[in-house]
Amino acid sequence: MISLAHGIGLGWLSPMLPKLQSASATPIDFTVNVDESSWIGALISVGGVIGNISFLLIFDRWGRKVAIYGLAFPHMCLWLLLYFAESVEYLYVARICGGLTGGGIFIVIPIFIGEIADPSIRGRLLSIFALSMNLGILFGFILSSYVHYHIIPLVVSPLPCLYLLAAIQFPDTPQFLLRKGLYTEALKSFLFYKNIACDKEAAIKAEIQRQFEDLKLLILHQQNQSSSITCSDFFNKKSLIAICSGVVLMLLNMFCGSFALVNYMSSIFAAIKTELHPDINTIIVGVVQVIGAYIATILVDRYGRKVLLLVSTSGMGVGLAAFGIYAFFAEETEVDLSLYSHWLPLLLMGFIIFIANVGILSVTVVVLVEILPSKIRSIASSFCLALLSLFAFIVLRIFPLSMHYFGLSATMWFCATICAFGLFYISLCLEETKGKSMDEN
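Residues numbered from 1 in each chain as written. Predicted model: local features only at pLDDT ≥ 70, side-chain atom pairs only at ≥ 80, totals over all residues. Heavy atoms only, no water.

## So, the overall build of the protein
Of the regular secondary structure elements, the protein holds 22 helices and 0 strands. The C-alpha atoms of the protein give 22 Å as radius of gyration, which agrees with the globular expectation for 441 residues (22 Å, within 12%). When its C-alpha atoms are laid out on the principal axes, the protein stretches across 75 × 50 × 40 Å. For the protein, the computed accessible surface area is about 18400 Å², with 68% contributed by carbon and sulfur atoms. With 26 positive and 28 negative side-chain charges, the protein shows a separation of 10 Å between the mean positions of the two kinds. (Helix = DSSP H or I, 4+ residues; strand = E, 2+ residues; numbered from the N terminus. Rg over C-alpha atoms; globule rule 2.2 N^0.38 Å. Areas by Shrake-Rupley, 256 points an atom, 1.4 Å probe, with all protein chains shown as cover. Lys, Arg positive; Asp, Glu negative; His and termini not counted. Charge placed at Lys NZ, Arg CZ, Asp CG, Glu CD.)

## Some details on the pattern of salt bridges
Taken as a whole, this structure holds 2 salt bridges when the rule is applied. Arg397 is the partner of Asp35 in a salt bridge, and the nearest nitrogen-oxygen pair spans 3.1 Å. Within this pair, whereas Asp35 is found in helix 3 (residues 34-61), its partner Arg397 is found in helix 21 (residues 377-405), the two being separated by 362 residues in sequence. Asp35 gets classed as partly exposed once you look at its relative accessible area, which sits at 36%. (Salt bridge = Lys/Arg side-chain N within 4 Å of Asp/Glu carboxyl O. Buried < 20%, exposed > 50% of the residue type's maximum accessible area, 1.4 Å probe, protein only.)

## With respect to the side chain of Asn52
By secondary structure assignment, the location of Asn52 is in helix 3. You can call Asn52 buried: its relative accessible area is 1%. There is a polar contact of 2.9 Å between the side chain of Asn52 and the backbone oxygen of Gly103. In this structure Asn52 touches Gly103, Gly104, Ile107, Ser382, Leu385, Ala386 and Ser389, once residues within four positions along its chain are discounted. (Polar contact = N/O pair within 3.5 Å; in protein donor to acceptor, adjacent residues only side chain to side chain. Contact = heavy atoms within 4.5 Å.)

## Things to note about the nonpolar core
Counting residues in hydrophobic clusters, the biggest one holds 122 residues, and the most contacted among them are Trp12, Leu261, Ile268, Met316, Leu320, Phe323 and Met349. Broken down by element, the residue count for this core peaks at 12 residues, all from helix 6 (residues 88-116). If we ignore the near neighbours within four places in the chain, the residues touching Ile268 are Leu261, Phe323, Met349, Phe399, Met403, Leu408 and Met412. Residues Leu178, Leu187, Leu191 and Ile219 belong to the second largest nonpolar core, which totals 11 residues. (Core = buried A, V, L, I, M, F, W, Y, C linked by side-chain atoms within 4.5 Å.)

## Things to note about the packing of aromatic side chains
Describing an aromatic ring pair means giving the distance of the ring centres and the angle of the ring planes. For the coordinates displayed, the defined rule picks out 11 aromatic pairs. For the pair Tyr83 and Phe84, a centre-to-centre distance of 4.9 Å together with 80° between the ring planes defines the contact as edge-to-face. Relative to Phe329, the ring of Phe328 lies with its centre 5.8 Å away and its plane at 80°, an arrangement referred to as edge-to-face. Owing to a relative accessible area of 34%, Phe328 belongs among the partly exposed residues under this scheme. An aromatic cluster is present here, built from Phe112, Phe170, Phe192 and Tyr193 joined pairwise through their rings. (Phe/Tyr/Trp six-rings, centres within 6.5 Å; stacked < 30°, edge-to-face > 60°.)

## Notes on the environment of Pro119
By the secondary structure assignment, Pro119 is in helix 7 (residues 119-146). Distance from Pro119 to Asp301, taken between C-alpha atoms, is 9.0 Å for residues 182 residues apart in sequence.

## As for a nonpolar patch on the surface
Together, Leu80, Tyr83, Phe84, Ile151, Leu154 and Val155 make up a nonpolar patch on the protein surface, roughly 570 Å² of accessible area in all. Counting only elements with at least two residues in the nonpolar patch, the list comes to helix 5 (72-83) and helix 8 (152-156). Inspection of the secondary structure puts Leu154 in helix 8. For Leu154, a relative accessible area of 54% corresponds to the exposed category. (Patch = residues over 30% accessible without salt bridge, like charges linked within 9 Å, V, L, I, M, F, W, Y side chains within 5 Å.)

## Remarks on helix 1 (residues 2-11)
Burial analysis of helix 1 places 10 of its 10 residues in the buried class, the great majority of the element. Turning to helix 1, its buried residues are Ile2, Ser3, Leu4, Ala5, His6, Gly7, Ile8, Gly9, Leu10 and Gly11.

## Brief notes about the confidence of the model for the protein
Here the protein averages 83 in pLDDT, and 93% of its residues register 70 or above. The lowest-confidence element of the protein is helix 13 (residues 231-234), averaging 74 in pLDDT; the highest-confidence one is helix 5, averaging 93. (pLDDT = per-residue confidence, 0-100.)

## Remarks on the side chain of Ser312
Inspection of the secondary structure puts Ser312 in helix 18 (residues 305-332). With relative accessibility at 0%, the residue Ser312 sits in the buried group. Polar side-chain contacts of Ser312 include one of 3.0 Å to the backbone nitrogen of Ile360. For Ser312, the contacting residues outside a window of four places in its chain are Ile355, Ala356, Gly359 and Ile360.

Here you go:
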């Protein structure tokens with residue numbers, strides 16, 4: 001539910017931004033220029049960095065459950081600020097608040113799901129997290145296109161409230177409780193996530209009891225090896241390779257342009273003068289995005305993570321290059337594109353977003369959580385996700401400026417080049433993590 005709500009906050013921007021830039025169409029008392037638009041887009045990443053760090057501290061000190069509760073509050077502030085916005089500064093702060101929740105979500109939810117889920121379904125559950133966010137983006141596209149600016153916060157605000165009520169039933173993860181020495185609570189949590197009633201403890205199957213004891217011994221062994229994390233835990237060959245792979249995945253995730261396309265999609269369609277209304281194109285692509293994320297949930301545990309990433313990066317590279325060619329003819333030449341303008345840009349953009357969600361967008365966080373050693377997972381994943389937020393800030397800040405000064409075609413070709421680099425790296429350097437234990441590595 002919180003991923004869905006955050007997705008709505010992300011999708012809100014794309015159709016709304018052209019309205020805010022137009023003196024005749026703006027729903028509020030001011031307009032924004034190109035430079036302010038790029039700041040509105042980029043500041044969500046500033047909040048993302050703060051959210052990564054803040055929720056990491058909450059996550060490890062006060063537990064997963066406290067962090068899960070905390071995700072809701074900055075998201076509520078987002079909609080309050082948008083509703084009462086009197087100047088562009090309100091929009092800036094609102095986007096930072098949205099980033100706080102987003103940065104926290106990418107820390108809290110993947111690790112939480114990774115700790116409670118069986119390896120055979122872990123990939124699907126983590127992909128469903130991405131699917132719900134994509135559904136939210138689609139709803140955000142629709143709401144921003146057809147619902148009045150001041151009605152949208154009233155529609156969306158109940159979601160984080162319902163999320164808080166729903167999250168009450170979830171205990172902390174067994175791993176966290178074991179590390180805190182709360183063995184009785186850890187057993188209850190273990191049984192809860194195995195769907196076994198606590199009052200039937202005497203009838204627990206020997207296999208389930210053995211699994212809990214194995215987990216307990218493993219956590220105790222890790223604590224006995226070293227009670228605190230040291231530099232050597234990060235600066236060894238295994239950890240460095242995992243962290244470097246994580247950094248490359250974060251770079252690929254952002255500089256392939258997929259996140260920027262979602263944020264500025266209506267502006268992109270307007271720039272190449274498609275026959276359909278830009279907002280309609282954006283909504284259609286949003287539907288395709290959800291389909292791609294859903295397919296990823298089906299395939300991720302069947303064919304593995306690496307295969308999906310290879311298919312996704314190669315497909316995105318081809319799609320971006322082709323869209324760049326179309327944009328070049330639309331922007332730089334007098335060629336008559338009327339036979340193609342009502343369907344070809346939509347087809348290309350739909351393919352790009354679809355194939356991105358099959359791998360790059362849906363699987364990246366799954367792989368990040370699985371490749372990192374368990375002892376440094378929280379800190380290292382927070383570091384990588386903070387870099388992701390930094391990269392997002394750079395991309396969202398420069399993307400509209402790049403479109404304005406260099407053209408959409410050059411921008412798309414740059415993103416295609418990044419995909420080619422990602423394909424090379426994944427092919428040679430990235431390990432397959434399907435079925436890998438989250439506790440033993």
